[in-house]
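As a plain string of letters, each chain reads:
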There are 4 protein chains.
Amino acid sequence: MPVPAPVLYPPFNIVRLSHVEYHVRDLIKSRAFYVDTLGLEVTHEDDSHIYLRALEERGHHCIVLVQSDSSSVSVLGFKLYDEPDLEKAAEWFASKGLPVEWVDRPFMGKTLRTRDPWGIPLEFYVKMDRLAPIHQEYKLYRGVRPLRIDHFNMFSADVDGAVAFYSEMGFRTTEFTEDADSGKVWAAWMHRKGGVHDVAFTNGTGPRLHHTAFWVPTPMAIIDLLDLMATTGWVDSIERGPGRHGISNAFFLYIFDPDGNRIEIYCSDYQTVDPDLEPIKWDLKDPQRQTLWGAPAPRSWFEHGSTFEGASVEESALKAQPIIAP
Amino acid sequence: MPVPAPVLYPPFNIVRLSHVEYHVRDLIKSRAFYVDTLGLEVTHEDDSHIYLRALEERGHHCIVLVQSDSSSVSVLGFKLYDEPDLEKAAEWFASKGLPVEWVDRPFMGKTLRTRDPWGIPLEFYVKMDRLAPIHQEYKLYRGVRPLRIDHFNMFSADVDGAVAFYSEMGFRTTEFTEDADSGKVWAAWMHRKGGVHDVAFTNGTGPRLHHTAFWVPTPMAIIDLLDLMATTGWVDSIERGPGRHGISNAFFLYIFDPDGNRIEIYCSDYQTVDPDLEPIKWDLKDPQRQTLWGAPAPRSWFEHGSTFEGASVEESALKAQPIIAP
Amino acid sequence: MPVPAPVLYPPFNIVRLSHVEYHVRDLIKSRAFYVDTLGLEVTHEDDSHIYLRALEERGHHCIVLVQSDSSSVSVLGFKLYDEPDLEKAAEWFASKGLPVEWVDRPFMGKTLRTRDPWGIPLEFYVKMDRLAPIHQEYKLYRGVRPLRIDHFNMFSADVDGAVAFYSEMGFRTTEFTEDADSGKVWAAWMHRKGGVHDVAFTNGTGPRLHHTAFWVPTPMAIIDLLDLMATTGWVDSIERGPGRHGISNAFFLYIFDPDGNRIEIYCSDYQTVDPDLEPIKWDLKDPQRQTLWGAPAPRSWFEHGSTFEGASVEESALKAQPIIAP
Amino acid sequence: MPVPAPVLYPPFNIVRLSHVEYHVRDLIKSRAFYVDTLGLEVTHEDDSHIYLRALEERGHHCIVLVQSDSSSVSVLGFKLYDEPDLEKAAEWFASKGLPVEWVDRPFMGKTLRTRDPWGIPLEFYVKMDRLAPIHQEYKLYRGVRPLRIDHFNMFSADVDGAVAFYSEMGFRTTEFTEDADSGKVWAAWMHRKGGVHDVAFTNGTGPRLHHTAFWVPTPMAIIDLLDLMATTGWVDSIERGPGRHGISNAFFLYIFDPDGNRIEIYCSDYQTVDPDLEPIKWDLKDPQRQTLWGAPAPRSWFEHGSTFEGASVEESALKAQPIIAP
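Residues numbered from 1 in each chain as written. Chains lettered and ligands numbered in written order. Predicted model: local features only at pLDDT ≥ 70, side-chain atom pairs only at ≥ 80, totals over all residues. Heavy atoms only, no water.

As annotated in an unreviewed UniProt entry, chain A is Catechol 2,3-dioxygenase from Shimia abyssi. The record held by UniProt for chain A lists under Sequence similarities (unreviewed entry) the comment "Belongs to the extradiol ring-cleavage dioxygenase family." Its UniProt record, at the heading Cofactor (unreviewed entry), says of chain A: "Fe(2+)". (UniProt positions renumbered as here; feature names shortened; annotations may be inferred.)

Set out below in structure tokens:
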């Protein structure tokens, strides 16, 4: 099997993905997208920062928007299980020759900042400020009713390498696409929290963030968002969907925020908590892989991504061609 | 206004579209599509014919499938209000120099057969065998849960002419697309029964049947059908959608039956019973006209249609170009 | 059959129910209910009046709220087909010995005001101010996303009489409940516009308005409203539901406005345009009549209603007992 | 706080609830309920046993039905993380003075059988036969489309005791109801797998199984099941709902199988993986606790339960009264 077996006793315990920080060129426009259109809740804002949470979350934020001169992704955040995991994580990354520092992050406790071998900036924490539940304040349910952050998907120029590295960290592969010709992994979906993925890697020029995804209650929420976006000036921000994924079986939609960061709206995948869950393998040539209903993704889906601050990108050596919409 | 005002006192009273008869090349394959996949109910079948009804219908059939050597549409049927309307209809068509004959149709009472000026075969009746209601036999709800036949859409080489003719018959225009350059009507949607349309005409080589549509309970039914078709061998029969129409505001999906007849699955349009309902005009260049969410229709949607028996087609003189997906 | 056959050529042509005017004790509270909670749109308001329309409607209003000392229903409005129908209606009501007057109604053209034999105040018009469509302004879709007014249901002390009278007017019975013991009609549902009903009569102390109903896109809209009402202080306004009706097969919810007027939220009934549609008969003792899923209605549902201005009520002689929730 | 803090390093690692075995009096009737009506898939059957799995599960079974002379629940099964957890579990239960034995279970590997201090029969395993995924075989989606087993809820005469015991095992409390008068816990919801609960305890005569729950894709699936049950002879099996829970915020329905075992259909709760998730406390007197929409549960909901084989029941000393529907 081209994907590593699950590591049952990882070096430190990652609970789940937690948050992403985007540097954006126009905070007001980004607010109109994330708050007024998607329906995320503002937990803190000032002239240069907006902190957002989704409707069932109790951690202070899942998105941070920072006013900047240019667009980039400054960090992907993950929550750790317990205090000792912070030191264990620091030791582990250091043992890999990766940079490790302790940073002060607003609304968060002790936080480890590092990078994966390809330069993706990561931060790990145990404590984040907790907020009162709002999941039953139904008057706040607007837009696409985003309930929680679900996953990150990254372009990677070395998916096999990324899968090996993140597997060591304890992420377990649930599904993957194999390029039959080369025998290499084209893409892989890996989880900690019990859904299809917390992180995924897709072959391409990388590392770049392919998308951040939010979980919503039902496919109807996605239809509502499309109707809203189409009639409030956001029709050009709709990239691909709606549809049913082959991989993950989730119902999806891909849209762009004002900085061109891709956001996925996602629901109805499946439970993956079993340690002996067998990864599902797809062939790169399978036209139902990405969209069970057949429609291929547009070229932008394979090419457009968001740069990580401080991470230089390289082209992938894996040149296999997926099916691309004309 | 390029569309005629509604005729409040038409020469005879058409209640609604009623049924379509398809000549099909493989009755077994067609049965697998209409019955096993879409979920229509068989009301009568023998070696050469299958009669189908939808789940809330009480008339004997909305679709007739006839085993043939080639694919065609043999007639579009409409229900009239009361017995005197039959004679009035015969007189009216005769007065237009159109062929008129009385025909024996299985499961139907006295039936008038004729053609519109472009050759579309039409039949009109008052009585069709009535069946017991099954709309609460929920164990019969399968596939896309089709509730009733909703409309016919025809390619026409002379949309302005078709709109004028069907307006005289009492069909009222609810929405239309204007080609601003020529000032001609590119397409029009016209009703009798109180929804957005019973019939529609779309500029193109015609007359040909563009599609027959069925009304379903909710957009979720359409998602269910896509999931089912995609995993039971029908993925190549999916043409366009799902999506929200600009015109009609309905949620839609277009699929092909085994003979290449286009079927639309449709829900959530709006009530049009007011005689003073103002037709909504769209511009041919408006990218949100067909799909509110922006995605243009594929080339096949503008070109592929079903021939009517005995009706020769001609190209339209109206050469304006809509936006077509690459 | 205990219900009259449909009158195919009524004395004047009623298109559909149109609007209801409620006299309310606290306009601000009513606004909070109808606008902020249900999601109706304000088309005109001043210190003493609020005019509301639903999201797919183009007529100026479907509800009028009038600040008053006490709660009552001042009139039920119906739209007529064409100008000559006004005079025909006036003649018909006069021929029945019923009061007839022409009234000036804001935002409406020539309007006939009258009463049915039991005192229900009715008004008929052809022209009402028309507004631009808003059915695709999705940012306006809030609350329960009410699309259009659907029907009135009245308590009647003489249902057989009411059915006969309204049948003469052209309303056609789609479903009715028979009290097997007395052979009398307990309740009946009657339409003009092609759904299960525009008006209905239910045995009880009358005449009183039992409820006004709104059509919404899907059952999910009803679930959303319940979640919203339950968490914004309106939980005590929820009377019965959600559920699936036996009669009509519609998915429903019953709630009370601040004056105790019952409002039904309703979707997914069926098309009734066929003149030969056979009325469905239910037995009063059938426990699945009101709720297909079995749960009986609460006592309030059989007893609580809204008084019509100027119409004195009487108890029904028909004392049969439906099943009532304990 | 009346509920214990989460135990971050439990004595052995329980992944999730796994399966329940019901002894039933009529296997054919039970099959008609679980397979034909709910839509569970048969993985093995013979004259005396039926093994069932839900649509996204890959373990061999989540329900075992065994033909018997009387109705009872013979065991609740839980999946453990890794082989060493089996011995650790055996030691832990033995250290509590509880019975421990190794049993041969069809389609399962090494299995530990024991009882909790109140007599609830439990079994723990690491390996169960694995089956090919069927979650994308949409032609198998029938009934309520049950995706996976979600939780067990037990009547307990000593909820505080049960919560303490199961907390030691690693179950974390997400929500609980406090009886303000006594300061005791009336009910508690506790999880391993990241949703609101794997197990719950409700004050009452116990131990008895209150219900087993299945997760479904959306509330529409629950409406579909109600429509199906109501029209295929199962209307008397509908106990309570549909509705939105206060506790858990899930959309629910409660029904009875032919043996009177209560089954809950459940969806849309929330993610609970954070170790620092604060339990939500409800007051027993809160009318929105059980149904956010206000409707109290019927008496049967507080009284009717399924006996565990070999576990004698006792009445609870905690006599507080919740609100009960008349």
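Participant: What is the right way to look at the overall build of chain A in this model?
Facilitator: If you tally the helices and strands in chain A, you get 5 helices and 18 strands. Taken against the 2.2 N^0.38 rule, which gives 20 Å for 326 residues, the C-alpha radius of gyration of chain A at 19 Å falls within 12% of a compact globule. With respect to the principal axes defined by its C-alpha atoms, chain A has extents near 50 × 50 × 40 Å. A sequence separation of at least 24 residues applies to 70% of the contacts in chain A between residues at least 6 apart. Accessible area of chain A: about 10,400 Å², with a carbon and sulfur share of 51%. With 32 positive and 47 negative side-chain charges, chain A shows a spacing of 2 Å between the two charge centroids. (Helix = DSSP H or I, 4+ residues; strand = E, 2+ residues; numbered from the N terminus. Rg over C-alpha atoms; globule rule 2.2 N^0.38 Å. Contact = heavy atoms within 4.5 Å. Areas by Shrake-Rupley, 256 points an atom, 1.4 Å probe, with all protein chains shown as cover. Lys, Arg positive; Asp, Glu negative; His and termini not counted. Charge placed at Lys NZ, Arg CZ, Asp CG, Glu CD.)

Participant: How should the UniProt feature "domain: VOC" (unreviewed entry) in chain A be read in this particular structure?
Facilitator: Residues and elements named next belong to chain A. Here the UniProt feature "domain: VOC" (unreviewed entry) sits at residues 16-127 and 148-268. Secondary structure across residues 16-127 comprises 21% helix and 42% strand; the distance between its end C-alpha atoms is 13 Å. In residues 148-268, helix accounts for 19% and strand for 47%; the two terminal C-alpha atoms are 13 Å from one another.

Participant: What am I meant to see in the interface of chain D and chain A here?
Facilitator: Buried accessible area, meaning the area lost when the parts come together, often serves as the stated size of an interface. On the side of chain A, 39 residues touch chain D, which itself brings 39 residues to the contact. For the chain D face of the interface with chain A, the top three residues by lost area are D:Arg58, D:Tyr81 and D:Gln271, together amounting to 18%. Joining chain D to chain A, the criterion identifies 14 salt bridges. Its salt-bridge partner being D:Asp274, residue A:Arg130 comes within 3.0 Å of it at the nearest N-O pair. Inspection of the region where chain D meets chain A yields 32 residue pairs in polar contact (both at pLDDT 80 or more). Broken down by secondary-structure element, the contributors of at least two residues to the side of chain D that touches chain A are strand E1 (14-24) and strand E17 (280-283) of chain D. A breakdown of the residues in the side of chain D that touches chain A according to their chemical character gives 17 nonpolar, 7 polar and 15 charged. (Buried area = accessible area lost by both parts, 1.4 Å probe. Salt bridge = Lys/Arg side-chain N within 4 Å of Asp/Glu carboxyl O. Polar contact = N/O pair within 3.5 Å; in protein donor to acceptor, adjacent residues only side chain to side chain. Nonpolar A, V, L, I, M, F, W, Y, C, P; charged D, E, K, R; others polar.)

Participant: Looking at this structure, how should I read the relation of the copies chain C and chain A?
Facilitator: What relates the pair of chain copies is a rotation about an axis plus a shift along that axis. Between chain C and chain A, which share one sequence, the superposing operator has a rotation angle of 180° and an axial displacement of 0.0 Å; the RMSD is 0.0 Å. What the superposition gives is, in effect, a two-fold axis relating one chain to the other. (Least-squares fit on C-alpha atoms with pLDDT ≥ 70 in both.)

Participant: Even after reading the chapter, I still don't get the pairing of strand E2 (residues 41-45) of chain D, so can you show me in this structure?
Facilitator: Residue and element names in this part refer to chain D. Relative to strand E3 (residues 49-53), E2 runs antiparallel, the two being bridged by 4 bridges. Bridging from a neighbouring strand, Val42 pairs with Leu52 of E3. Hairpin connection from E2 to E3: 3 residues lie between these consecutive antiparallel strands. (Pairing = 2+ DSSP bridges.)

Participant: What is the right way to look at helix H4 (residues 219-231) of chain A in this model?
Facilitator: Since there are 3.6 residues in each turn of an α-helix, residues three or four apart along the chain are aligned in direction. Residue and element names in this part refer to chain A. Over its 13 residues, H4 extends 19 Å from the first C-alpha to the last, a length consistent with the 18 Å expected when each residue adds 1.5 Å. Turning to H4, its buried residues number three or more, namely Pro219, Met220, Ala221, Ile222, Ile223, Asp224, Leu225, Leu226, Asp227, Leu228, Met229 and Ala230. Phi turns positive one or two residues past the end of H4, at Gly233, with a value near 90°. (Expected span 1.5 Å × (residues − 1). Buried < 20%, exposed > 50% of the residue type's maximum accessible area, 1.4 Å probe, protein only.)

Participant: What am I meant to see in the domain arrangement of chain A here?
Facilitator: Residue and element names in this part refer to chain A. Domain assignment breaks chain A into domain 1 (14-131) and domain 2 (144-307). A separation of 20 Å is found between the C-alpha centroids of domain 1 and domain 2. In this complex, domain 1 contributes 42 residues to the contact, which on the side of domain 2 involves 41 residues. Here domain 1 packs against domain 2, burying approximately 3,400 Å² in sum over the two surfaces, 69% of which is carbon and sulfur. (Domains from an automatic or database assignment.)

Participant: What is the right way to look at the relation of the copies chain D and chain A in this model?
Facilitator: Relative to chain A, chain D is turned by 180° and slid 0.0 Å along the rotation axis, the superposed coordinates differing by an RMSD of 0.0 Å. Interface overlap between copies is the fraction of interface residues in one copy that are interface residues in the other; for chain D against chain A it reaches 100%, indicating a shared surface.

Participant: Can you help me understand the sheet that holds strand E3 (residues 49-53) of chain C in this one?
Facilitator: Strand pairing in a sheet relies on backbone hydrogen bonds, with the paired strands running either antiparallel or parallel. Residue and element names in this part refer to chain C. Read from one edge of the open sheet, 8 strands run E2-E3-E4-E1-E5-E8-E7-E6, paired in mixed fashion. The strands lining the two open edges of the sheet, one partner per strand, are strand E2 (41-45) and strand E6 (100-103). On average, each strand axis in the sheet is tilted by 25° relative to the strand beside it, whichever way the strands run. (Axes fitted to C-alpha atoms, helices over the stretch in contact; angles between N-to-C directions.)

Participant: Would you explain the interface of chain C and chain A in this entry?
Facilitator: Counting from both sides, the interface comprises 10 residues of chain C and, opposite them, 10 residues of chain A. A combined buried area of about 920 Å² lies between chain C and chain A, and 63% of that area is made up of carbon and sulfur atoms. Where chain C meets chain A, there are 2 salt bridges. With a shortest N-O distance of 3.2 Å, A:Asp224 and C:Arg145 are connected by a salt bridge. Viewed at the interface, chain A and chain C are joined by 4 residue pairs in polar contact (both at pLDDT 80 or more). Its residues assigned to classes, the side of chain C that touches chain A comprises 3 nonpolar, 3 polar and 4 charged.

Participant: Honestly, helix H2 (residues 84-95) of chain A in this entry has me stumped. Any pointers?
Facilitator: All names here are of chain A. The end-to-end C-alpha distance of H2 is 17 Å, a good match for the 16 Å that 12 residues give at a rise of 1.5 Å each. Those residues of H2 lying buried are Asp85, Leu86, Ala89, Ala90, Trp92 and Phe93. Within H2, the buried residues cover an arc of 165° as seen down the axis, which keeps them to one side. Within H2, the exposed residues directed more than 90 degrees away from the buried face are Glu91 and Ser95. For H2, the elements touching its buried residues are strand E5 (72-80), strand E6 (100-103), strand E7 (111-115), strand E8 (121-125) and helix H3 (159-168). Gly97, located one to two residues past H2, shows a positive phi value of around 75°. (Arc of directions from axis to C-beta.)

Participant: Help me out: how do you make sense of the sheet that holds strand E1 (residues 14-24) of chain A in this one?
Facilitator: Residue and element names in this part refer to chain A. Sheet architecture is open: 8 strands sit in the order E2-E3-E4-E1-E5-E8-E7-E6, paired in mixed fashion. With one partner strand each, in any of the chains shown, strand E2 (41-45) and E6 form the two edges of the open sheet. Going across the sheet, the axis of each strand differs from the next one's by a mean of 25°, ignoring polarity. Taken together, the 4 bridges between E5 and E8 define a ladder with parallel strand orientation. Bridging across to E8, Lys79 finds its partner in Tyr125.

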